[in-house]
Amino acid sequence: MSTPPIVHNGLLEGAIQRPSPNQGERPPGMAVDLLVLHNISLPPGEFGGPWIDDLFLNRLDPAAHPYFQGIARLQVSAHLLIRRDGQLVQYVPFHRRAWHAGVSQFRGRDNCNDFSIGIELEGDDHTPFAEAQYQTLGRILVGLRTAYPAIARDRIVGHSDISPGRKTDPGPCFDWERLWRMLELNSATERA
């Protein structure tokens, strides 16, 4: 795994910056101690194209696809998107609140947006994620956990974990064991 990126002023080095208006201040004194993984494809099951950017930047054309009619007015965002080729796009600085979790709860705490970082993986519940996505995710998690040490392994969860019954992502095709092995290998390399 290559060197982890650096987080400076809430921005991830090497990520394409596309600031979303769908963000806000975190509550005063709120520590970031949770990382939530999602999947997204627009239209559902299709990859590539400008649609995810358009959704997070409030410019999704409802006439471009029938599915968009129901979501074009949503005001949502994530901190990061990892595209199928591993490309990183950042929409919200990490010290700010992205609007990714919706109605959610983690260990008795509501409103996970207040204390979490949201990462979208371009994908869906039915398609295996790409090698480049796992490599990028593993690398950035090391950088994020350096910047936010309260994000322990047991605080890296799926959207389905904080919104059970409402959300299914990152879905059954996401290989959690692979992610844990990558993080353990990288931690061992850093200690050597």
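Note that this is a predicted model, so its numbers are computed, not measured. (Residues numbered from 1 in each chain as written. Predicted model: local features only at pLDDT ≥ 70, side-chain atom pairs only at ≥ 80, totals over all residues. Heavy atoms only, no water.)

1. Details of the side chain of D124
- Relative to the assigned elements, D124 resides in the loop between β11 (116-122) and α2 (131-147).
- A polar contact of 2.9 Å, which involves the side chain of D124, links it to the backbone nitrogen of H126.
- A polar side-chain atom of D124 sits 2.8 Å from the main-chain amide nitrogen of T127.
- Apart from residues no more than four positions distant in its own chain, D124 is found in contact with N39, S41, G45, F47, F129 and P170. (Helix = DSSP H or I, 4+ residues; strand = E, 2+ residues; numbered from the N terminus. Polar contact = N/O pair within 3.5 Å; in protein donor to acceptor, adjacent residues only side chain to side chain. Contact = heavy atoms within 4.5 Å.)

2. Points about the packing of aromatic side chains
- Taken as a whole and assessed by the stated rule, the structure comprises seven aromatic pairs.
- Aromatic side chains F129 and F174 sit 5.8 Å apart centroid to centroid with 75° between the ring planes, which places their arrangement in the edge-to-face category. Of this pair, F129 sits in the loop between β11 and α2 while F174 sits in the loop between α3 (159-162) and α4 (176-191), and the two are 45 residues apart along the sequence.
- Ring geometry for F174 and W176: centres 4.8 Å apart, planes at 75°, overall edge-to-face.
- Exposure remark for F174: the relative accessible area of 5% places this residue in the buried category.
- Through pairs of rings, three or more aromatic residues link up here, namely F129, Y134, F174, W176 and W180. (Phe/Tyr/Trp six-rings, centres within 6.5 Å; stacked < 30°, edge-to-face > 60°. Buried < 20%, exposed > 50% of the residue type's maximum accessible area, 1.4 Å probe, protein only.)

3. A few points about the pairing of strand β5 (residues 34-40)
- For β5, a buried count of seven out of seven residues is recorded, marking the element as mostly surrounded by other parts of the structure.
- Neither face of β5 is open: one carries L34, V36, H38 and I40, the other L35, L37 and N39, and all of them are buried.
- The sheet contact formed by β5 and β11 spans seven bridges and is parallel. Its bridge partner lying in β11, L37 is registered against I119. (Pairing = 2+ DSSP bridges.)

4. Notes on the environment of R83
- For R83, the location among the structural elements is in the loop between β6 (80-82) and β7 (88-90).
- Accessibility expressed as a relative area gives 10% for R83, which makes it buried.
- In sequence terms R83 and G123 are 40 residues apart; their C-alpha atoms lie 8.3 Å from each other.
- Ignoring anything within four residues of it in the chain, the contact list for R83 reads G49, I52, D53, V89, E122 and Q133.
- Within polar-contact distance, the side chain of R83 engages the side chain of E122 at 3.4 Å.

5. Considering the sheet that holds β6
- The strand order across the open sheet formed by six strands is β3-β7-β6-β11-β5-β12, and the pairing between neighbours is mixed. Each edge of the open sheet carries a strand with a single partner, namely β3 (16-17) and β12 (156-158).
- The sheet strands contacting α2 are β5, β6, β7, β11 and β12, and the helix crosses β11 at an angle near 170°. (Axes fitted to C-alpha atoms, helices over the stretch in contact; angles between N-to-C directions.)

6. A word on the pairing of β11
- Counted residue by residue, β11 has seven buried out of seven residues, so it is predominantly covered.
- Burial along β11 is two-sided: S116, G118, E120 and E122 facing one way and I117, I119 and L121 facing the other are all buried.
- The pairing of β6 with β11 spans three bridges and is classified as parallel. When the bridges of β11 are listed, L80 appears paired with I119.

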